[in-house]
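Read off the chains here:
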Amino acid sequence: MSVLRLPGFVRRRTGAAREGDDWAGHVRSELALDLPDEDIGEDLDDCLDFYEMGSKPRCEEAEYLALVRDARDRLLWGRGSKP
């Protein structure tokens, strides 16, 4: 019986991808806790692009947009680091 051996870069990439998926899930979970009444999709850019300005009271709208932008930036820049 032969054993399939993967090159090191494949193993590292798979682990990094899994870690990235875990991080994305963590960020989305935090956003869902912060915005429990909102239907947040997988793509946060879509949430921002298709948001209708004026559909919420001004203070709620500002908070919603800030939270979604922050979550999107965290996903783009990785584990809590800021641009």
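Whatever comes next refers back to the structure up there.
Small disclaimer: the values here were computed from a predicted structure and weren't measured.

Asks: I would appreciate a short explanation of the overall build of the protein in the present structure.
Replies: When helices and strands are counted, the protein shows three helices and zero strands. Order of helices (α) and strands (β) in the protein, N terminus to C terminus: α-α-α. Residues classed as buried in the protein amount to 20% of the 83 residues present. Contacts in the protein between residues far apart in sequence, at least 24 positions, make up 56% of those at least 6 positions apart.

Asks: What's the story with the packing of aromatic side chains in this structure? I'm lost.
Replies: Any pair of aromatic rings gets described here by the distance separating the centres and the angle formed by the planes. This model, assessed by the stated rule, comprises one aromatic pair. Above the plane of the ring of Tyr64 lies Lys56, whose end atom (NZ or CZ) is 4.9 Å from the centre.

Asks: How should the nonpolar core be read in this particular structure?
Replies: Buried together is how nonpolar side chains tend to be arranged in soluble globular proteins. Of all hydrophobic cores here, the largest spans 12 residues; its members are Trp23, Val27, Leu31, Leu35, Leu44, Cys47, Leu48, Tyr51, Tyr64, Leu65, Val68 and Ala71. Contributing elements (two or more residues each) for this core: helix H1 (8-34), helix H2 (44-49) and helix H3 (58-77). A per-element tally of this core places H3 first, with four residues. Beyond its immediate sequence surroundings of up to four residues, Ala71 is in contact with Val27, Leu31 and Leu44.

Asks: Sorry if this is basic, but what is going on with a negative patch on the surface here?
Replies: Where like charges cluster on the molecular surface, the negative patch consists of Asp34, Asp37, Glu60 and Glu63. Note on placement: Glu60 falls in helix H3.

Asks: What should I look at first to understand H3 in this one?
Replies: Note that an α-helix has 3.6 residues per turn; residues three or four places apart therefore point the same way. The end-to-end C-alpha distance of H3 is 28 Å, a good match for the 28 Å that 20 residues give at a rise of 1.5 Å each. If you check which residues of H3 are buried, you get Glu61, Tyr64, Leu65, Val68, Ala71 and Arg74. Gly78 lies just past H3 and shows a positive phi near 90°.

Each value, and the rule that gives it
- Residues numbered from 1 in each chain as written.
- Predicted model: local features only at pLDDT ≥ 70, side-chain atom pairs only at ≥ 80, totals over all residues.
- Heavy atoms only, no water.
- Helix = DSSP H or I, 4+ residues; strand = E, 2+ residues; numbered from the N terminus.
- Buried < 20%, exposed > 50% of the residue type's maximum accessible area, 1.4 Å probe, protein only.
- Contact = heavy atoms within 4.5 Å.
- Phe/Tyr/Trp six-rings, centres within 6.5 Å; stacked < 30°, edge-to-face > 60°.
- Lys NZ or Arg CZ within 6 Å of the ring centre and 35° of its normal.
- Core = buried A, V, L, I, M, F, W, Y, C linked by side-chain atoms within 4.5 Å.
- Patch = residues over 30% accessible without salt bridge, like charges linked within 9 Å, V, L, I, M, F, W, Y side chains within 5 Å.
- Areas by Shrake-Rupley, 256 points an atom, 1.4 Å probe, with all protein chains shown as cover.
- Salt bridge = Lys/Arg side-chain N within 4 Å of Asp/Glu carboxyl O.
- Lys, Arg positive; Asp, Glu negative; His and termini not counted.
- Charge placed at Lys NZ, Arg CZ, Asp CG, Glu CD.
- Expected span 1.5 Å × (residues − 1).

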